[in-house]
Amino acid sequence: MRKNFQNVGFYPQPVLVVGTYDGDGIPDAMNVGWGGLVGSSFVELNISRGHKTTENIQAKRAFTLSFADQAHLVEADYVGLVSGYDVPDKIARAGLHPVRAEFVDAPLFEEFPLTLECQVVEMMDGPGGLRVVGQVVNMSADEAILGQDGQVDPDKARFLSFDRIHRTYRLLGGVVGQAYCDGKKKM
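Summary of the structure given here. Given the structure is predicted, the values throughout are model-derived calculations rather than measurements.

**What about the packing of aromatic side chains?**
Piece 1. Using the criterion set out here, one finds two aromatic pairs in the structure.
Piece 2. Aromatic pair Phe162 and Tyr169: ring centres 5.9 Å apart, planes at 45°, arrangement tilted.
Piece 3. Here Phe162 falls in the partly exposed class, since its relative accessible area comes to 22%.
Piece 4. On the basis of relative accessibility, which here comes to 25%, the residue Tyr169 falls in the partly exposed class.
Piece 5. Above the ring of Trp34, the side-chain terminus of Arg164 is found at 3.8 Å from the ring centroid.

Printed below as a string of structure tokens:
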């Protein structure tokens, strides 16, 4: 038997931090609740109007998207609680250290171990706010989260997942199968 719910949950939901610059080059960051991968090289965000981040994305047409990790849970949560309009030194208060991204006009933050650099390719009003599609032009990772194969090791990264229903952050972990392989047992 199944139970129906009115509240929609999407599991796992990564904890994403959007980095932008304003017109004066001041960095801003926001924990965004609605975002994900679209195809192999695009991301989509849905951001409410009225956020400084929304205004910055519209002006600069660029942003970074960082994956928050367990070690920086407090920082990631904080940037989702306060507005850059209300707290001008939001980044300093969060304890984040911005550096200019190499490929787009947006900051990345040294604390977050994995960051996508994105150029806006589409913006339009949609359900819940502004729908932003960005093309990923670069992905950078802290060497501390790389495995022996030189690729990102999620177990080392300890990325956070957001549980919208229970309003908690969770960790995912452990390999349980081999993609594009285990299903062949049914062939």
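**Topic: the sheet that holds strand β4 (residues 42-47)**
Piece 1. In space, the seven strands of this open sheet follow the order β2-β1-β5-β8-β9-β4-β3, with antiparallel pairing throughout. Either end of the sheet is taken by a strand with one partner, and the two such strands are β2 (27-32) and β3 (35-38). Going from strand to strand, the sheet's axes swing by 35° on average, the running direction of each strand aside.
Piece 2. Bridge analysis of strand β5 (residues 62-67) against strand β8 (residues 114-126) gives six bridges, and the strand direction is antiparallel.

**Describing the nonpolar core**
Piece 1. Counting 21 residues, the largest nonpolar core has Leu45, Phe63 and Leu65 as its most contacted members.
Piece 2. Listing elements by their share of this core, those giving two or more residues are β1 (16-21), β2, β4, β5, β8 and β9 (129-141).
Piece 3. By residue number, the principal contributor to this core is β8, which donates four residues.
Piece 4. When neighbours within four sequence positions are excluded, Leu45 is seen to be in contact with Val18, Val32, Trp34, Gly35, Phe63, Leu65, Leu130, Arg131 and Val132.
Piece 5. Listed in part, the 12 residues of the second largest apolar core include Val15, Val17, Ala76 and Leu96.

**Thoughts on helix α1 (residues 52-60)**
Piece 1. Residues of α1 that are buried: Lys52, Thr53, Thr54, Asn56 and Ile57.
Piece 2. The elements touched by buried residues of α1 are β1, β2, β4, β5, β8 and β9.
Piece 3. With its phi angle positive at about 55°, Arg61 sits one or two positions after the end of α1.

About the criteria used
- Residues numbered from 1 in each chain as written.
- Predicted model: local features only at pLDDT ≥ 70, side-chain atom pairs only at ≥ 80, totals over all residues.
- Heavy atoms only, no water.
- Phe/Tyr/Trp six-rings, centres within 6.5 Å; stacked < 30°, edge-to-face > 60°.
- Buried < 20%, exposed > 50% of the residue type's maximum accessible area, 1.4 Å probe, protein only.
- Lys NZ or Arg CZ within 6 Å of the ring centre and 35° of its normal.
- Pairing = 2+ DSSP bridges.
- Helix = DSSP H or I, 4+ residues; strand = E, 2+ residues; numbered from the N terminus.
- Axes fitted to C-alpha atoms, helices over the stretch in contact; angles between N-to-C directions.
- Core = buried A, V, L, I, M, F, W, Y, C linked by side-chain atoms within 4.5 Å.
- Contact = heavy atoms within 4.5 Å.

None of this, on its own, says anything about what the molecule does.
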